[in-house]
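Structural characterization, general
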Amino acid sequence: MADTAIREAICRFGRSLFERGLTPGSSGNISVRLDDGGWLVTPTNASLGFLDPDSLSRLDAAGQLISGDAPTKEVPLHTALYQTRDAARAVVHLHSTHSVAISMLPEIDPLMALPPLTPYYLMRCGQTALVPYHRPGDPAVADAIKGLAGKYASVLLANHGPVVSGDTLEAAVFAMEELEETAKLYLLLRGLNPRHLSPQQVDDLVKVFGLSLPDHSDHH
């Protein structure tokens, strides 16, 4: 995809996410890795609903600004996902309400933040890790992401928000939307003893769709 088309796609998806209330104010950021190893990312203090294609931050492979406005302070977060997930070509980070709420609950398992509620959650997101709280922009959050060793495409930052990588921008956005809907379902069903997908049903999805899920066979 040409540079111009990528810029327009970032703005189009950003506006869609903003208009549906998935990230308020100037929160959230989106990046796309380019063929030369550099990437385009949304600027600091920019609303995803009002992005200018020409103002997007263009970074080189070392993360240095080449053109456009100053980049989001969450560059270390995006960098960590690109460095640990070879297939990642786009990263989306939002402050979506239900996902943030999940990240604050005491019972959440850091290795499996959400249970297998629906097939599309597993198909789009895999499983979701929860990493401890770090202030926005803190390089320590990148270390926490790197500590997951690339096993997770979707991660919840405690008391902050979700971050998702995908092999395309569209895939990352769709996975983010699925994660938020699953978080909403979890909250709606909390305390109601819902029926989750069985291990056999999960295995079937893995087999049919070629999913790669972290191995938690020894984890309870």
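This report concerns the structure included in the present document. (Residues numbered from 1 in each chain as written. Predicted model: local features only at pLDDT ≥ 70, side-chain atom pairs only at ≥ 80, totals over all residues. Heavy atoms only, no water.)

**What to know about the pairing of strand β8 (residues 161–166)**
Just so we agree on the cut-off: Exposed residues in this analysis have more than 50% of their type's maximum accessible area, buried residues have under 20%, and partly exposed residues fall in between, with area computed by a 1.4 Å probe over protein chains only. Working definition: helices are DSSP H or I runs of at least four residues, strands are E runs of at least two. Numbering for both runs from the N terminus. Strand pairing is defined by DSSP finding a minimum of two bridges between the two strands.
Across the six residues of β8, six count as buried, placing the element largely inside the fold. Burial along β8 is two-sided: the residues Gly-161, Val-163 and Ser-165 and Pro-162, Val-164 and Gly-166 are all buried. Across four bridges, strand β5 (residues 90–93) lies against β8 in antiparallel orientation. By the bridge assignment, His-93 is partnered in β8 with Val-163. The pairing of strand β7 (residues 154–157) with β8 spans four bridges and is antiparallel. Residue pairing across strands places Ser-154 opposite Val-164, the latter belonging to β8. Counting the residues that bridge the hairpin from β7 to β8 gives three residues, and of these Asn-159 lies at a positive phi of roughly 60°.

**What to know about the pattern of salt bridges**
Keep this limit in mind: The term salt bridge refers to a pairing of a side-chain nitrogen on Lys or Arg with a carboxyl oxygen on Asp or Glu at a separation within 4 Å.
Under the defined criterion, the tally for this structure stands at six salt bridges. When the shortest N-O distance is used, the salt bridge between Asp-3 and Arg-7 registers 2.6 Å. A residue pair is termed a helical-turn pair when its members lie 3 or 4 positions apart in one helix, as Asp-3 and Arg-7 do in helix α1 (residues 3–19) at four residues. Looking at Asp-3, the relative accessible area reads 33%, which means it is partly exposed. Since its relative accessible area comes to 12%, Arg-7 is described here as buried. Here Arg-89 ties to Asp-35 by a salt bridge, and the two come within 2.9 Å at their closest N and O atoms. In this pair, Arg-89 sits in the loop between α2 (75–84) and β5 while Asp-35 sits in the loop between β1 (29–33) and β2 (39–41), placing the two residues 54 residues apart along the sequence. You can call Asp-35 exposed: its relative accessible area is 74%.

**Things to note about the side chain of Ser-165**
Defined as follows: Counted as a polar contact is a pair of N or O atoms within 3.5 Å, where, for protein atoms, one must be capable of donating a hydrogen and the other of accepting one, and residues adjacent in sequence contribute only when both atoms are in side chains. Any two residues having at least one pair of non-hydrogen atoms within 4.5 Å are treated as being in contact.
Note on placement: Ser-165 falls in strand β8. Residue class for Ser-165 comes out buried when judged on its relative accessible area of 6%. A polar side-chain atom of Ser-165 sits 3.4 Å from a polar atom in the side chain of Arg-85. Excluding anything up to four places from it in sequence, Ser-165 contacts Leu-81, Arg-85, Ala-88, Ala-90, Val-91, Ala-153 and Ala-172.

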